[in-house]
Amino acid sequence: MKVLYFSWVRDKIGLDGEEFDLPPEINTAGEFIEWLKGKGDAYAEVIAASNTVKLAINQEYAGPSHPISNDDEVALFPPVTGGKG
Amino acid sequence: MIRVQREDFDVGAEVTGLTKGMHGIGGVCSFIGLVRELKRRESLEAMTLQHYPGMTEKELLKIEDEAHRRWPLEASLIIHRFGRLELGERIVLVVTASPHRKAAFESCEFLIDFLKTRAPFWKKEDYGSASEWLESRNVDDHAAERWIE
């Protein structure tokens, strides 16, 4: 699975993205988030802000019940701030 | 039409290009977003816009499709820049063209409101040596909410 990070999530984790082998028991976005928490302090910190952190699966916004698989492109990022200054 | 680019755009040339030969258009509305000074921090020098290539284009196309579904538009254009932008530089252009002005005005406002809450762009404010990511603003969510059918 390809996982991408943006904005302060990228800064905190210290990577633009990374590859994971998802264990077979992880089947939803919510389960993935819980699993990712166990990867280290930086991940846990990001997930602790999960009322603000958004998830996209294959470049579409996804909620916690969205199915997830090893072939997906997943992205974690804060709420967007585009548009005018 | 949508474009995501690092370089600046020429508003006049874009409007001319968009509407050329389309004689059903009676009104064109445009919105141009600029990097502005912030009241709370005087030393803002620039901002850097990061985006999610691929998803950005998808989201912008979805928002544009939705505008065409709601209003009788002859043409539309969204250009959003990324990378480092200095104070006063253009960030975003939204252009809508329709037979009558009301649809052009309303859809232009709809596009900029929705783009701000949906398109995956993140702004980092640069203050010389320091920089910080901008938090999203609830006021933008409310601006978009009033369009929810």
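In this text the structure is predicted, and so the values were computed from the model without any measurement. (Residues numbered from 1 in each chain as written. Chains lettered and ligands numbered in written order. Predicted model: local features only at pLDDT ≥ 70, side-chain atom pairs only at ≥ 80, totals over all residues.)

1. Remarks on the overall build of chain B
And then number 1: Along chain B, the regular secondary structure elements total 4 helices and 8 strands.
And then number 2: For chain B, the N- to C-terminal ordering of α and β elements is β-α-β-β-α-β-β-β-α-β-β-α.
And then number 3: Taking the principal axes of its C-alpha atoms as reference, chain B extends roughly 50 × 35 × 30 Å.
And then number 4: The proportion of buried residues among the 149 residues of chain B is 33%.
And then number 5: Looking at chain B alone, contacts between residues at least 24 apart form 77% of all its contacts between residues at least 6 apart. (Helix = DSSP H or I, 4+ residues; strand = E, 2+ residues; numbered from the N terminus. Buried ≥ 20, exposed ≤ 12 C-beta atoms within 10 Å, placed from the backbone. Contact = placed C-beta atoms within 7 Å.)

2. Some remarks on the overall build of chain A
And then number 1: Broken down by element type, chain A carries 3 helices and 5 strands.
And then number 2: Going residue by residue from the N terminus, the α and β elements of chain A occur as β-α-β-α-α-β-β-β.
And then number 3: C-alpha extents for chain A along the principal axes are approximately 45 × 25 × 20 Å.
And then number 4: Evaluated residue by residue, chain A yields a buried proportion of 29% over its 85 residues.
And then number 5: Across chain A, the fraction of contacts at a sequence separation of at least 24, relative to all contacts at a separation of at least 6, is 55%.

3. Overview of unusual backbone geometry
Note: most residues except glycine have negative phi, and most peptide bonds are trans.
Residues and elements named next belong to chain A.
And then number 1: The backbone of asparagine 58 sits at a positive phi, close to 50°, despite the residue not being glycine.
And then number 2: With respect to the secondary-structure elements, asparagine 58 resides in the loop between strand E3 (54-57) and strand E4 (60-61).
And then number 3: Here asparagine 58 falls in the partly exposed class, since 16 other C-beta atoms lie within 10 Å of it.
And then number 4: In this structure, glutamine 59 takes a positive phi of about 65° despite not being glycine.
And then number 5: Tracing the sequence through the fold places glutamine 59 in the loop between E3 and E4.

4. Remarks on the pairing of strand E1 (residues 2-5) of chain A
Residues and elements named next belong to chain A.
And then number 1: Here E1 pairs with strand E2 (residues 17-19) via 3 bridges, running antiparallel. Its bridge partner being in E2, lysine 2 is matched across the sheet by glutamate 19.
And then number 2: Here E1 pairs with strand E5 (residues 73-77) via 4 bridges, running parallel. The partner of tyrosine 5 across the bridge, within E5, is leucine 76. (Pairing = 2+ DSSP bridges.)

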